[in-house]
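So the chains spell out like this:
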Amino acid sequence: MRILPYLAIFTFVAGVSLLAVGWYYAPAEAPAAPPAVVGFDIRPTETPTPTASPTAVPSPTPTPTPFDGKLARMIAPSLGIDHAIEEIGILPNNQLDTPHDGVNNVGWYYIYDKPGFGGNAVFAAHVNYNFKPGPFVNLYKAKPGDRITIQMADGPAYVYEVFYFQRYDVNSIPMGDLISGVVGGRARPKDEEWITLITCGGRFVATQPNGLGEYLDRDVVVARRVQ
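Residues numbered from 1 in each chain as written. Predicted model: local features only at pLDDT ≥ 70, side-chain atom pairs only at ≥ 80, totals over all residues. Heavy atoms only, no water.

### Quick word on the packing of aromatic side chains
By the definition in use, this model includes four aromatic pairs. Relative to F165, the ring of F40 lies with its centre 6.1 Å away and its plane at 45°, an arrangement referred to as tilted. Pair noted here: F40 is in strand β1 (residues 39–41) and F165 is in strand β9 (residues 157–169), with a separation of 125 residues, a long-range link. On the basis of relative accessible area, F165 is assigned to the buried category, the value being 1%. Judged by centre distance (6.5 Å) and plane angle (55°), the ring pair of Y109 and Y112 falls under tilted. For the pair Y109 and Y112, one class covers both residues: buried. Above the face of the F163 ring, R224 is positioned so that its terminal group lies 4.1 Å from the ring centre. (Phe/Tyr/Trp six-rings, centres within 6.5 Å; stacked < 30°, edge-to-face > 60°. Helix = DSSP H or I, 4+ residues; strand = E, 2+ residues; numbered from the N terminus. Buried < 20%, exposed > 50% of the residue type's maximum accessible area, 1.4 Å probe, protein only. Lys NZ or Arg CZ within 6 Å of the ring centre and 35° of its normal.)

This is the structure in structure tokens:
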């Protein structure tokens, strides 16, 4: 099943599901917010391709079939990520689901692209949950070149390199673009495979006496496959 990216826009902007309810659990003393918004977009310099003389076209080499097994773990030592991956999708009310184990699991939206298939796989996890740190508690610390590995169950490991980080206001996060693989106004090149990681971050407002509240921003990290 595939869900069009625009269907996710309302979910995020309306603040009624993913990154809006389950992700608002924070410690009784909210963590200090990192410096005001930050972002980077590092891409290889494009160089013109020289014109070559016509040559004989070789017979195409068959493309191996991508591994279609389950996702096992996400590992990113520089970000403190080494967590199991659970499949999540869309709820009966057309809202995006969140990881059911908010402390230990990263969620992969199986309704969108799958790692290894050349598209843009979308992941989400909590920054903190029920007074405990979540898998993406350090996502805002991402730097260009950080490596993120997706280990498939009984299969290959795919390695991705971070090139993009941006913090968005919850009311203006461009979910349709992010799911489609468009960042900084530019679309994912057809010869690149991406993963997109999303969590809460930035400004925090306590709404309950025990310290629970809500984050007003969303942190997004995008990485391209290098292995």
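So much for the structure itself; the text now carries on.
### Let's talk about the pairing of strand β8 (residues 147–152)
Bridge count between strand β2 (residues 71–76) and β8: four bridges; the pairing is antiparallel. By the bridge assignment for β8, I75 is matched with T149. Pairing of β8 with β9, which is carried by five bridges, proceeds in the antiparallel orientation. Bridging from a neighbouring strand, I148 pairs with Y160 of β9. Once β8 ends, the chain turns through four residues before running back antiparallel as β9, passing D154 with a positive phi of about 55°. (Pairing = 2+ DSSP bridges.)

### Examining the environment of V170
Relative to the helices and strands, V170 is located in the loop between β9 and α2 (175–180). V170 sits in the buried class, given a relative accessible area of 10%. In sequence terms V170 and R218 are 48 residues apart; their C-alpha atoms lie 5.9 Å from each other.

### Focus on the environment of G145
Relative to the helices and strands, G145 is located in the loop between β7 (132–133) and β8. According to the relative accessible area criterion, G145 is partly exposed, its value standing at 33%. Separated by 19 residues in sequence, G145 and Y164 have C-alpha atoms that sit 9.6 Å apart.

### Considering the pattern of salt bridges
Using the criterion set out here, one finds 11 salt bridges in the structure. A salt bridge links D146 to K143, with the shortest nitrogen-to-oxygen separation between them at 3.7 Å. Classification of D146 as buried rests on a relative accessible area of 8%. Residue classification places K143 among the partly exposed residues on the basis of a relative accessible area of 44%. Put simply, D217 and R203 hold a salt bridge, and the shortest N to O gap is 2.8 Å. Taken together, the residues D217 in strand β13 (residues 213–225) and R203 in strand β12 (residues 194–206) connect sequence positions 14 residues apart. Under the relative-accessibility criterion, D217 is labelled buried at 5%. For R203, a relative accessible area of 40% gives the class partly exposed. In this structure, a network of salt bridges that share partners links the residues D169, R203 and D217. (Salt bridge = Lys/Arg side-chain N within 4 Å of Asp/Glu carboxyl O.)

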